[in-house]
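Understanding the architecture of this molecule
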Amino acid sequence: MFRLLQIEFIKLKNSKGSKLLIIIYFLLLTSISLIAAIKFDIGQIKFYLAEQGIFNFPYIWHFNTFMAAFFKLFLVLVIVSMTANEYSNRTIKQNLIDGLSKKEFILSKFYMVFTFALISTLFIFVISLILGLMYSDFKELSIIILDLEYMVAYFVKLLGFFSFGLFLGILIKRAAFAIAAMFVWFVMESISLGLLKWKFNNDPEKAENIIQFFPLYSMSNLIEQPFGRLKAVKAAANQLKTTIEYDYAIHWHEIAIVLVWTFLFTFFSYKLLQKRDL
Amino acid sequence: MKTILSLKNLNKKYGKVHAVNNLSFKIQKGNVYGILGPNGSGKSTTLGIILNVVNKTSGEFSWFNGTISTHNALKKVGAIIESPNFYPNMSAYENLRLVCKIKEISTHKIDEKLEIVGLLNRKNSNFKTFSLGMKQRLAIASALLNDPEILILDEPTNGLDPQGIHQIREIIIQIANNGTTILLASHLLDEVEKVCSHVVIIRDGIKLYEGKTDEMTASFGFIDIKTEQNQEKLIELLLTFKGIKTLTKKGDIIVASLSNEISTTEINKFCFKNDIVLSHIVKRKPSLESQFLTLTNHLN
């Protein structure tokens, strides 16, 4: 495994475009902390975002993972282009001739995907922890460790999405077309979602039961938007209530769905490569 | 003798096209093999199959008597396919380092191999800045990194200028002289003739001949004869000579095709005795080209 990671690392290190995208990605992740600096000071109205409770533990885990997930597009670009370029430069052929097996090739790509997801998760964990320790109203360990499952959800979400990118890179072989295909997939999934919701208009739960299995939806479903919850947190804080509404919780079956998709994307990448003549 | 590679009834079909048809042959250690065939005869497909990039339709092949899996066997092989494929934005050195990681060998031989192909001074240049000849030489360096048990070359001089072709051939001959087993696919006959001890000829995916290069034909060669005197008389005379199969006129030269081992001295003596003085007499071995054309046209 270490050897395969090393191989990927050599490839990555020498790709200027990928390095640039990765740097932008981490700068953007760091920029979440800049939200803390948002201040409006217009006459009588004073608004200081950091004091609105968004950096309160445990809410910060939810808020930051949700915001950070938008930037995953930068890393998926790296994954798709690194994979598709192996085809356009025909280096995949050379890799196999040099003695890498097809399985090892896909595994090395998957390890890269895994590492990207893991580093992103650790990065956002550290940033959230620092921001939380600076701005949170509650800094007791028992509260900090609440809701840490958002970190797991964030990791799984990235893992699934990046595997999707890997699959499209292998399937389409051309980076630009693979990205386009990702967009088309997103549009088609959205249309199907709309149609299903419309069809089961009187029974939204039934629609939800079906659409929760769609790949992109299942990934976005992992971490719900946190804004509705912000008021609840504030209210809870203000009234010193300890119970918080849990509509926004991570459901383990949702994580399982995304993990199954991750497996399928990686598995079918392998099957595709195995079947193809290069 | 150690068998490095054996193919048994190998088949590859692309839809209706039967690219490799029931191909069997063996590669023994220490020999230099040429796979000859016209363009599109299935040479590259065959190499693709044994190199793990093309899936066979049926049949078998095994490396090193089937003792290890194909991808592990390939770590002991050096192979170059038509065009050199490397990472364009990586330097020559980094590209070779990657190959070392894949082959699970140490990187300490990189400089040595770059030296062999004359690229040591360009080791830190990006691959995309290389000329085609340099790319091909880098590919050879890459194939030599593991001191391979067998070097496989597919049309290594394709698209190169005469100087590039010469450089590559020199390198190949040098490697062959070191005792490395080589498998060279080519449609350039003189290339094969100069380098290979054994030859496999295929056409339309079918094997036409397998054996030593110099045993390829039963012919005893040709003798070119010329006289300043009466040519008709010479022909008449030669027809009576035992061991001459046919005579053909090529301008003022008469080409005698032999059915026996005959020396030029014998012919010269014979003609002189019969009052004909020869002005030119040369014995030729049949060229690989003529044998190749005979073989490949035979089935037409």
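It should be emphasised that the depicted structure is a prediction, and the values quoted were computed from it without experimental measurement. (Residues numbered from 1 in each chain as written. Chains lettered and ligands numbered in written order. Predicted model: local features only at pLDDT ≥ 70, side-chain atom pairs only at ≥ 80, totals over all residues. Heavy atoms only, no water.)

**Topic: helix 1 (residues 43–50) of chain B**
All names here are of chain B. Using the following cut-off: Note on exposure labels: buried denotes an accessible area under 20% of the residue type's maximum, exposed denotes more than 50%, and partly exposed covers the range between, all computed with a 1.4 Å probe on protein chains only. In this text, helices come from DSSP runs of H or I with a minimum length of four residues, and strands from runs of E with a minimum of two, each type numbered from the N-terminal end.
Of all eight residues in helix 1, seven are buried, a share of seventy percent or more. Among the residues of helix 1, Lys43, Thr45, Thr46, Leu47, Gly48, Ile49 and Ile50 are the ones counted as buried. Backbone geometry just downstream of helix 1 places asparagine 52 in the positive-phi region, at approximately 75°.

**Some thoughts on the interface of chain A and chain B**
Where we set the bar: By the convention used here, residues are in contact when the closest approach between their heavy atoms is within 4.5 Å. Simply put, the buried area is the total loss of 1.4 Å probe accessible area from both parts when two parts are fitted together. Only one rule defines a salt bridge in this text: a Lys or Arg side-chain nitrogen within 4 Å of an Asp or Glu carboxyl oxygen. Polar contact criterion, stated in full: a pair of N or O atoms within 3.5 Å, where within protein one must be able to donate a hydrogen and the other to accept it, and residues adjacent in sequence count only if both atoms are side-chain atoms. The nonpolar class holds Ala, Val, Leu, Ile, Met, Phe, Trp, Tyr, Cys and Pro. Asp, Glu, Lys and Arg form the charged class, and all remaining residues, Gly among them, are polar.
If you look at the interface, chain A gives 27 residues, while chain B gives 28 residues. Buried surface at the junction of chain A and chain B, summed over both partners, amounts to about 2600 Å²; 54% is from carbon and sulfur atoms. The largest share of the area that chain A buries against chain B comes from Ile10(A), Ile97(A) and Asp98(A), three residues that together contribute 25% of it. Inspection of the chain A/chain B interface yields two salt bridges. Lys13(A) is the partner of Glu94(B) in a salt bridge, and the nearest nitrogen-oxygen pair spans 3.8 Å. Where chain A packs against chain B, one counts 14 residue pairs in polar contact (both at pLDDT 80 or more). Listed by contribution, the elements that provide at least two residues to the side of chain A that touches chain B are helix 1 (2–13), helix 5 (91–98), helix 6 (102–135) and helix 13 (252–275) of chain A. Sorting elements by how many residues they give to the side of chain A that touches chain B places helix 5 of chain A first, with seven residues. Per-class residue counts for the side of chain A that touches chain B are six nonpolar, nine polar and twelve charged.

**Considering a nonpolar patch on the surface**
Residues and elements named next belong to chain A. Basically, it comes down to this: Candidate patch residues must exceed 30% relative accessible area and have no salt bridge, after which like charges are joined if within 9 Å and Val, Leu, Ile, Met, Phe, Trp or Tyr side chains if within 5 Å. Computed by Shrake-Rupley with a 1.4 Å probe, the accessible areas treat only the displayed protein chains as cover when residues are assessed.
Residues Phe183, Phe186, Val187, Ile191, Leu195 and Trp198 make up a contiguous nonpolar surface patch of roughly 680 Å² in combined accessible area. Within the fold, tryptophan 198 resides in helix 9 (residues 175–199). With a relative accessible area of 64%, tryptophan 198 lands in the exposed category.

**Examining the packing of helix 5 (residues 132–144) of chain B against helix 6 (residues 162–177) of chain B**
Packed helices, taken two at a time, are described by their axes: the angle between them and the distance between them. All names here are of chain B. Heads up, the condition is: Lines fitted to the C-alpha atoms define the axes, with helices restricted to the stretch that makes contact. Angles between their N-to-C directions range from 0 to 180 degrees. By the definition adopted for this analysis, an angle is roughly parallel if under 35 degrees, roughly antiparallel if over 145, roughly perpendicular if from 65 to 115, and oblique otherwise. With the far helix as reference, a near helix turned anticlockwise by less than a right angle produces a left-handed crossing, and one turned clockwise produces a right-handed crossing.
Direction vectors running N to C along helix 5 and helix 6 enclose 15°, while the axes themselves pass 10 Å from each other. Regarding the angle of helix 5 to helix 6, the classification is roughly parallel. For the element pair helix 5 and helix 6, the recorded crossing hand is right-handed. Taking contact as the criterion, the partners of Gln136, Arg137, Ile140 and Leu144 in helix 5 are, on helix 6, Gln167, Ile168, Ile171 and Ile175.

**Digging into the packing of helix 11 (residues 215–222) of chain A against helix 13 of chain A**
All names here are of chain A. For the pair helix 11 and helix 13, interaxial distance at closest approach is 9 Å and the crossing angle is 140°. Relative to helix 13, the element helix 11 is oriented oblique. At the point where helix 11 passes helix 13, the crossing takes the left-handed sense. Along the contact surface, helix 11 presents Pro215, Ser218, Met219, Asn221 and Leu222, while helix 13 presents Glu254, Ile255, Ile257, Val258, Trp261 and Phe265. Taken together, the residues that form the contact of helix 11 with helix 13 break down as eight nonpolar, two polar and one charged.

**Let's talk about the nonpolar core**
The nonpolar side chains of a soluble globular protein tend to be buried, and buried together. Our working definition: Here, nonpolar core means buried Ala, Val, Leu, Ile, Met, Phe, Trp, Tyr and Cys residues that are tied together by side-chain atoms lying within 4.5 Å of each other.
Core analysis: the largest hydrophobic core is formed by 73 residues, its most contacted members being Val78(A), Phe116(A), Tyr154(A), Phe161(A), Phe162(A), Phe164(A) and Ile223(A). In terms of residues, this core owes the most to one element, helix 8 (residues 149–172) of chain A, which gives 15 residues. Ranked by size, the runner-up nonpolar core spans 42 residues in total, among them Val99(B), Met134(B), Ala139(B) and Phe292(B).

**Here we look at the sheet that holds strand 10 (residues 222–227) of chain B**
All names here are of chain B. Rules: Here, any two strands with at least 2 DSSP bridges between them count as paired.
Pairing is antiparallel in the open sheet, where four strands are placed in the order 11-12-10-13. Sheet topology places strand 11 (244–250) and strand 13 (278–284) at the edges, where each strand pairs with a single neighbour. Taken over all neighbouring pairs, the strand axes of this sheet differ in orientation by 20° on average, direction set aside. Where strand 10 lies against strand 13, six bridges are found, and the strand directions are antiparallel. Directly across from isoleucine 223, in strand 13, lies its bridge partner lysine 283. Together, strand 10, strand 11, strand 12 (253–258) and strand 13 form the strand contacts of helix 8 (residues 231–239), whose direction differs from that of strand 11 by roughly 165°. Along the sheet, helix 9 (residues 264–273) makes contact with strand 10, strand 11 and strand 13, crossing strand 13 at roughly 155°.

**A closer look at the domain arrangement of chain B**
Stated precisely, the cut-off is as follows: Residue ranges for the domains trace back to a domain assignment, done automatically or taken from a database.
Under the domain assignment used here, chain B contains domain 1 (3–215) and domain 2 (222–284). For domain 1 of chain B versus domain 2 of chain B, the separation of C-alpha centres amounts to 44 Å.

**Quick word on the packing of aromatic side chains**
What describes a pair of aromatic rings is the distance from one ring centre to the other and the angle between the planes of the rings. Residue and element names in this part refer to chain B. Convention followed: Think of it this way: a Phe, Tyr or Trp ring, Trp meaning its six-membered ring, pairs with another when their centres are within 6.5 Å, and the plane angle makes it stacked under 30 degrees, edge-to-face over 60, tilted otherwise.
Within this structure, the stated rule accounts for 21 aromatic pairs over all chains. Arranged with centres 6.3 Å apart and planes meeting at 55°, the rings of phenylalanine 127 and phenylalanine 130 form a pair that is tilted. Exposure class is identical for phenylalanine 127 and phenylalanine 130. Each is buried. For the pair phenylalanine 241 and phenylalanine 270, a centre-to-centre distance of 4.9 Å together with 70° between the ring planes defines the contact as edge-to-face. Placement of phenylalanine 241 in the loop between helix 8 and strand 11 and of phenylalanine 270 in helix 9 is noted, with a sequence separation of 29 residues between them.

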